[in-house]
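Understanding the architecture of this molecule
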Amino acid sequence: MNDSPLGKQWGRTLRRMGWYTLRRSVALFVTVVIGVYLTILIANMGGHVDEIRLAQIREQVGARMMADEQLQTLPSEVIRDLMEREVQLESRRLGLDRPFIVRSFLYLRNALTLNLGRAEHVTSDTGSRQVRLIILERLPATLILFAPAQLLVFLVSIFGALFLSRRYGSVLDRAVIALTPTSTAPAWFYGIFLILIFASVLRVLPFGGMVRTPPPEQTLPYVLSVLRHMVLPLGSMFIGGIFISLYYWRTFFLIHASEDYVEMARAKGLSPGQIERRYILRPTLPTIVTSFALSVITLWMGSIILEIVFNWPGLGRLLFEAIGLFDTPVIVASVVIYAYLLALTVFLLDIIYALLDPRVRAGHQGA
Amino acid sequence: MRNLRTGLKELRHYPSAIVGLAFIATLVALALYAVIALPLDDAIRLWRAGEGIWEDTPRNASPVLLNWWPGNNHAETIVVRCSDEAATRSMERLSDDFAIIDISLPLEFTYDGFPDDVRVFLEADYEERRPHAALAWKTPDGREIELEERTLGERATYVVSGDRRLAERLGTEAHIGLFRQPDIEDDVPLKGRYELSVEGILFEPEGDVRVRLVSYGRVHGLAGTDHRRRDLTVALLWGAPVALAFGILAALGSTLTTLVIAAVGVWFGRWVDAVIQRLTELNAILPVLPLLVLIGTLYSRSIWVMLGVVIALGVFSLGIKVYRAMLLPVRNAPYIEAARAYGAGNFRIVFRYLIPRVIPVIVPQLVTLIPSYVFLEATLALLGLGDPLLPTWGKVLQDAFQQGALYKGYYYWVLGPALLLMFTGLGFAMVGFALDRIFNPRLREL
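Residues numbered from 1 in each chain as written. Chains lettered and ligands numbered in written order. Predicted model: local features only at pLDDT ≥ 70, side-chain atom pairs only at ≥ 80, totals over all residues. Heavy atoms only, no water.

1. Concerning the interface of chain A and chain B
- Counting from both sides, the interface comprises 57 residues of chain A and, opposite them, 47 residues of chain B.
- Buried surface at the junction of chain A and chain B, summed over both partners, amounts to about 4500 Å²; 82% is from carbon and sulfur atoms.
- Seen at the junction of chain A and chain B, the total is two residue pairs in polar contact (both at pLDDT 80 or more).
- Among the secondary structure elements, those contributing two or more residues to the side of chain A that touches chain B are α1 (5-43), α8 (187-201), α9 (219-257), α11 (272-309), α12 (315-325) and α13 (328-356) of chain A.
- Classifying every residue of the side of chain A that touches chain B gives 43 nonpolar, 13 polar and one charged. (Contact = heavy atoms within 4.5 Å. Buried area = accessible area lost by both parts, 1.4 Å probe. Polar contact = N/O pair within 3.5 Å; in protein donor to acceptor, adjacent residues only side chain to side chain. Helix = DSSP H or I, 4+ residues; strand = E, 2+ residues; numbered from the N terminus. Nonpolar A, V, L, I, M, F, W, Y, C, P; charged D, E, K, R; others polar.)

2. Quick notes on the sheet that holds strand β5 (residues 132-138) of chain B
Residues and elements named next belong to chain B.
- Strand order in the open sheet formed by five strands is β2-β3-β8-β5-β6, with antiparallel pairing between adjacent strands. Whereas interior strands pair on both sides, the edge strands pair on one side only; in this sheet they are β2 (88-95) and β6 (144-151). Between one strand axis and the next, the sheet turns through 15° on average, direction left out of account.
- Pairing of β5 with β6 involves seven bridges; the strand directions are antiparallel. Paired with Leu-135 across the two strands is Glu-148, which belongs to β6. (Pairing = 2+ DSSP bridges. Axes fitted to C-alpha atoms, helices over the stretch in contact; angles between N-to-C directions.)

3. Considerations on the confidence of the model for chain A
- Averaged over chain A, the pLDDT score is 80; the fraction of residues at 70 or greater is 92%.
- The spread of mean pLDDT over the elements of chain A runs between helix α14 (residues 358-361) of chain A, the lowest at 66, and α8(A), the highest at 88. (pLDDT = per-residue confidence, 0-100.)

4. Observations regarding the packing of helix α8 (residues 288-298) of chain B against helix α12 (residues 346-385) of chain B
All names here are of chain B.
- Axis separation between α8 and α12 bottoms out at 11 Å; the angle between their running directions is 55°. The orientation of α8 relative to α12 falls into the category oblique. Pair α8 / α12 crosses with right-handed handedness. For the pair α8 and α12, contact is made by Leu-289, Leu-292, Val-293, Gly-296 and Thr-297 and by Leu-376, Thr-379, Leu-380, Leu-383 and Leu-385, respectively.
- Across the contact of α8 with α12, the residue classes tally to seven nonpolar, three polar and no charged. (Parallel < 35°, antiparallel > 145°, perpendicular 65-115°, else oblique. Left-handed = near helix turned anticlockwise from the far one by under 90°.)

5. Observations concerning the packing of aromatic side chains
- One pass over the full model with this rule turns up 26 aromatic pairs over all chains.
- Ring centres 5.9 Å apart and planes at 90° place the aromatic pair Phe189(A) and Tyr190(A) in the edge-to-face group. Here Phe189(A) matches Tyr190(A) in class, with each residue buried.
- Aromatic side chains Tyr247(A) and Phe433(B) sit 5.7 Å apart centroid to centroid with 75° between the ring planes, which places their arrangement in the edge-to-face category. (Phe/Tyr/Trp six-rings, centres within 6.5 Å; stacked < 30°, edge-to-face > 60°. Buried < 20%, exposed > 50% of the residue type's maximum accessible area, 1.4 Å probe, protein only.)

As structure tokens, then:
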């Protein structure tokens, strides 16, 4: 098989794809590192991260000394002095006395490995104070809500736009254009209205939360309850994003449909469906994927506030709780985790882009 | 630039743009009115709601607009002071340091609904011996209900709804019982002239007593009031200039810097361009909102700091890629070659020849960006990171959310700021989209 020309070509394409993936992942990793480092610099501008570390050390030392019964017999001044010394020693051991440049790289390593220390107030549902555990616990909730929402908006807008571009000038088309300005308002804004209508006035859907309390014990009712709670947040993301992307893609397809080779295909007598698939959708796929990546990034940011409005127990809600409790480790960790999420999104879409764009596959770097 | 002016003139032919412009004009008028009618310091002081500022306003009252609906006649707030003309006041001095003071405050009640609460604020002047006062309530049908007797301090407040014994005597909540028609099952208020009489006994020659009666309404002001009795009009009014300033400054700041950087990259090319491109990619994965949260929590929540950070994070936005694509073909245009031939320097070319070429394309984008920044401010406020002093629409929304306004049915609390935000968003977006069609000829054909 490898000797056949086709096999050889496949092998070459695979190698090229692998090379591309490697290069992109290295580039993105470097970007993430720089991004996280910037976050740390900003966070530590007033020595805040240092304070977190110091407080942590103090707590540990204090706990250790409380446990020591022999120490309890000593006078309190002696204990305090002893504790001070212990804290000093410990912070020397952890490198807190080193210059900031060195320290910042220590923090960077910790942040990159999600070794984010302990939260000051927030706890995970299992009772842990480990920031990493808290964040990992919240991540699925966020993904459950936002992955479907993003896909839904994306697919509906692409196929809806194709439909509209076919009926360009119709009442429906005009209606979508007229509704486009409504998309300047973010999803949470429509969330408020949806809550008002469906939860406050009609009382048919829940105000917020992810599952009803107490949570159902069987799987099926549990899933149904989650789905019921998802309707409003999903709906508000849909309303907030759909019109602008419909408008954008419709215009994009219309402009594209006036290209010469599309005219040519039409002159050949191909059916509209064939023209759409082969001559409009196929060549524009890389562009579509790229702008999908951008919309995903904005949706990630919108998700934070949407979770707060709908009381959805995800990352955004965690960030909100952390603000309320002034829990710096959790806030820093949230920034880091969002940087990771964004980079991961970009990375995945880069790979899809490479699969779709013949120029990348053929190893031809575009203009 | 002439291009720009003719383009703006063309806006007339787009109905949506005219509607949008009308919205913007209304907002600007509102903002100007706010700034002129209510100086910033006053607005901040009112919004901080220090002690004694919002004594005469009801808690969580709906907007007065509700009463404009036919058939609606909810109680409004009535304040009667003993210095009012309708109030009577007589003092009978029995001896040098012993006097009886009679104050009667009339209350004309014409509403179909009960008030939210009734309070009597009493102030007394005395040196050592505190005056004594007895309060009584006279209904239009001639009944007299004794309320309370007490020795007065410098300031005292009698809260009718908090008077348990009175409630027991009346058989219903006290502030409802006072206005209730007797002898019928349902709670129906009796309309007419009520009277609060205060009989005070003074034990000093210089002593005096002042009384203020407040019957709190269920509706108050154009926008209603919140849980701290603040009139929401203050925040809704002042939200307009803040939102406009934040939106416009942020949009201008980030768009212009982005444009300049894109132009510099295109003109100098090579490593400058490469660095700018990499920075843009780095910027794309920086999580803007969490970073803003970080800065807001750790450093400052001032709206101007936030504005600076928003602009700084917007400098290397993805717009650079778009502008770059537009500027690349311009770079080799003959007129630029001509400029170089006469000896124009690099920066002259960037600022005088490159950037002006793309300004018309930027304008629609700039206009559409404004509302997204207005909403960003609201988003930050909703996160609890609103400006500590300024009253803004976002902060009203945040209060409403925190107090469960939607759950408790205080819809006005959410609707007021939300509609204003919507209004702003639509106004700028409609104008922006129309401009987009004017300046992007490829769109115009569609």
